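# Coordinate inspection notes
Listed here are the chains, written in short residue letters.
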Amino acid sequence: MEGKIADQKTTDKKTIDQIIYLPVLIFVFTALYVSLIFNRNIWTDEAYTMELVRENSFWGIIQNTAIDVHPPLYYLIVKCFVLLFGDTFIVYKAVSIVPMTFTMLLAVTHIRFWWGGRTATLFLIIVNAIPCVLEYAVQMRMYSWALFFVTWAGLGAYGMCRADDGRHRRSCCIQLTVAGLLGCYTHTYAMLSCVCIYMLLCVCALLKCKKNRDWTLLKAALVSGSIVAVCYLPWLVVLFGQMLSRVGNYWIKPVTWDVVRMYPAFLFESQLPGSTIMYLVLSGAAVVICIVRCWKRCDEKKDGLAALLMLAVPLLTALIGIAVSVLVTPFFIARYLLPCMGLFALFLSIAFQKKSGAVQALIGIFGLLMVFESYQENFEMEYRNTHTEELLVFMEEHLEPDDLIVYNYEIYGFIYKIYFEDRVLFLNDVDFAGDFGSIWYFDSCVTPWLSAQVLEENGLEKIFVMTTGIEQNEFQLYQIRHEQ
């Protein structure tokens, strides 16, 4: 009796500890992400996000994404946030942090419930330790939302297989359906990952149903998949049109063996020496551990198989993307595996959940070192890697109401307009005889060139100010004014 009471007290203590330290970890990691968004530094795709959201209604966003390469859900989410909280850089960046917090909350609501507090803790550390995740979690793009939806869908599918009662299975089925549909409308490769999840679920359901002659799980999986397919069908037509229009005419380079070999480096490389190799070693060890577990007693077999199925999603997504790129046209890059990184982190977490405390501690230390190193690198990228803030501060101090901003690098025009709106003009569209105060000229040393004759004819002088830039585009800043 006393032993049972002691065991209960130990269990209660563990539960209390998990309730405390899991939210603390989530808060700390969320705070790290938030600390990276207090800047006005954006890159080309982020500028596209801001331009699309600022200049379009909800319907306009859907129409414009239909002629682009991504589904509209992420942009619609951003539009809602902007309408609620204002059109600022911080709001746009914060939208990408929200799903990272949601993903981490899955450690409390799902992972701890099924695999325990240690697995949940490992998941929190590993998912935030993957360098590419930390980088894209603060960018104005859809990858963090896609990661959340795919991770949630994977957990929903697992819950359907694990559920012992109809109520729990229905709950997981609903979660899988919602997460799968949202993932499909967030990113094309998130859609492909969700398809892989359904394929694996149906295989598992079929094997399970043949064993116990209960077809409930397979029916539920097919109903869920059918709902997602029907709801995604309108955009599937758009997707085929997008693909056909870009066959042989897309920016992605041909997928060769040399390109494929660099995928792990994109996902795992950091300033920490050997980080990519370390992740590959951990992955290989985890696969071996899971295979061995599949030959052991029932509980360990289930966990080993679950971990391997989590790993199968990114592997299948990559294989299908590579196959399409080789057989049809290049459509796949390593970045498109980002939505699967939550399931990859879960694979490692489940694999090492029953290893000794020393092994788990070493993995945790490695993960925290990766977080620290990746954070430093991303802090540098967000705050110090460009001249953007320096330029914006200068312009805020010197730009007068009747001044113009002129540029000659045409493809960067929409980025300049993000910062300076309707005061920006392309060089060929400027009336130098017009009424203006000063012209602040962004000369990227490309054509068209500003003719000295034009300045002379209009009584203007050009004064060099500094070498500066926006994004990775450096240019010479000149002030053009009427001669004194």
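Read on for a plain summary of the structure. (Residues numbered from 1 in each chain as written. Predicted model: local features only at pLDDT ≥ 70, side-chain atom pairs only at ≥ 80, totals over all residues. Heavy atoms only, no water.)

This next bit is on the nonpolar core. Within the largest apolar cluster, 150 residues are counted, with the highest numbers of intra-cluster contacts made by Trp115 and Met341. It is helix 8 (residues 143-162) that provides the largest number of residues to this core, a total of 13 residues. The residues touching tryptophan 115, leaving out its near neighbours within four places in the chain, are Leu155, Tyr158, Arg162, Asp303, Ala306, Met310, Leu346, Ile350 and Gln353. Among the nonpolar cores identified, the runner-up in size contains 12 residues, and Leu427, Phe432, Ile439 and Tyr478 belong to it. (Core = buried A, V, L, I, M, F, W, Y, C linked by side-chain atoms within 4.5 Å. Buried < 20%, exposed > 50% of the residue type's maximum accessible area, 1.4 Å probe, protein only. Helix = DSSP H or I, 4+ residues; strand = E, 2+ residues; numbered from the N terminus. Contact = heavy atoms within 4.5 Å.)

Turning to the packing of aromatic side chains, a few remarks are in order. Inspection of the entire model under this criterion finds 38 aromatic pairs. Ring geometry for phenylalanine 81 versus phenylalanine 85: centroids 5.9 Å apart, planes at 40 degrees, classification tilted. Pair noted here: phenylalanine 81 and phenylalanine 85 are both in helix 4 (residues 73-85), with a separation of four residues, about one helical turn. Ring plane angle 65 degrees and centroid distance 5.3 Å describe the contact between tyrosine 407 and tyrosine 416, whose orientation is recorded as edge-to-face. Clustering of aromatic rings is evident, with ring pairs tying together Phe89, Tyr407, Tyr409, Tyr412, Tyr416, Tyr419, Phe420, Phe426, Phe442 and Phe475. Over the aromatic face of tyrosine 478 sits the side chain of lysine 462, whose NZ or CZ is 4.5 Å from the ring centroid. (Phe/Tyr/Trp six-rings, centres within 6.5 Å; stacked < 30°, edge-to-face > 60°. Lys NZ or Arg CZ within 6 Å of the ring centre and 35° of its normal.)

Here helix 11 (residues 216-246) contains 31 residues, and its C-alpha end-to-end distance of 42 Å stays within 8% of the 45 Å for a straight helix at 1.5 Å per residue. Along its length, helix 11 shows its largest kink, about 55 degrees, at leucine 233, and proline proline 234 lies within four residues downstream of that point. Against the buried residues of helix 11 lie helix 3 (58-66), helix 8, helix 9 (166-184) and helix 10 (188-212). (Expected span 1.5 Å × (residues − 1). Bend = angle between axes of the 7 residues up to and from the residue.)

Inspection of the sheet shows strand 3 (residues 439-443) paired to strand 5 (residues 473-482) by five bridges, in the antiparallel sense. Directly across from isoleucine 439, in strand 5, lies its bridge partner isoleucine 480. Of the pairings in the sheet, the one linking strand 4 (residues 460-470) to strand 5 comprises 10 bridges and is antiparallel in character. By the bridge assignment, threonine 468 is partnered in strand 5 with phenylalanine 475. (Pairing = 2+ DSSP bridges.)

This next bit is on a nonpolar patch on the surface. The grouping of Leu244, Val247, Val326, Leu327 and Val328 at the surface amounts to a nonpolar patch, some 540 Å² of accessible area in total. Along the chain, leucine 327 turns up in helix 15 (residues 298-327). Its relative accessible area of 73% is what places leucine 327 among the exposed residues. (Patch = residues over 30% accessible without salt bridge, like charges linked within 9 Å, V, L, I, M, F, W, Y side chains within 5 Å. Areas by Shrake-Rupley, 256 points an atom, 1.4 Å probe, with all protein chains shown as cover. Salt bridge = Lys/Arg side-chain N within 4 Å of Asp/Glu carboxyl O.)

Another aspect to go through is the sheet that holds strand 2 (residues 424-426). Taken together, the five strands give an open sheet; going across it, the order is 2-1-3-5-4, and neighbouring strands pair in mixed fashion. A strand with exactly one partner marks an edge of an open sheet, and here the two such strands are strand 2 and strand 4. Neighbour-to-neighbour, the strand axes of the sheet open up by a mean angle of 25 degrees, direction not taken into account. Strand direction decides the pairing type here: strand 1 (residues 404-407) and strand 3, joined by four bridges, are parallel. Paired with leucine 404 across the bridge in strand 3 is isoleucine 439. Its contacts with the sheet put helix 18 (residues 388-398) on strand 1, strand 3, strand 4 and strand 5, and the angle it makes with strand 4 is roughly 145 degrees. Relative to the sheet, helix 19 (residues 413-420) contacts strand 1, strand 2, strand 3, strand 4 and strand 5, its axis offset from that of strand 4 by approximately 95 degrees. (Axes fitted to C-alpha atoms, helices over the stretch in contact; angles between N-to-C directions.)

What the largest pocket holds in volume is close to 1,000 Å³. If you trace the largest pocket, you find 33 residues lining it, with Cys161, Cys204, Lys208, Lys302 and Leu305 closest to the centre. Contributions of two or more residues to the lining of the largest pocket are made by helix 5 (89-115), helix 8, helix 10 and helix 15. Among the residues making up the lining of the largest pocket, the classes are represented as 21 nonpolar, four polar and eight charged. In this structure, the second largest pocket spans a volume of roughly 410 Å³. Lining the second largest pocket are 18 residues, and of these Pro264, Leu267, Leu280, Leu315 and Leu337 lie nearest its centre. (1 Å grid on protein atoms, 1.4 Å probe; cavity = no way out; pocket = protein on both sides within 12 Å on 5 of 7 lines; lining within 4 Å. Points joined across faces, edges and corners; volume = space filled by probe spheres on them. Nonpolar A, V, L, I, M, F, W, Y, C, P; charged D, E, K, R; others polar.)

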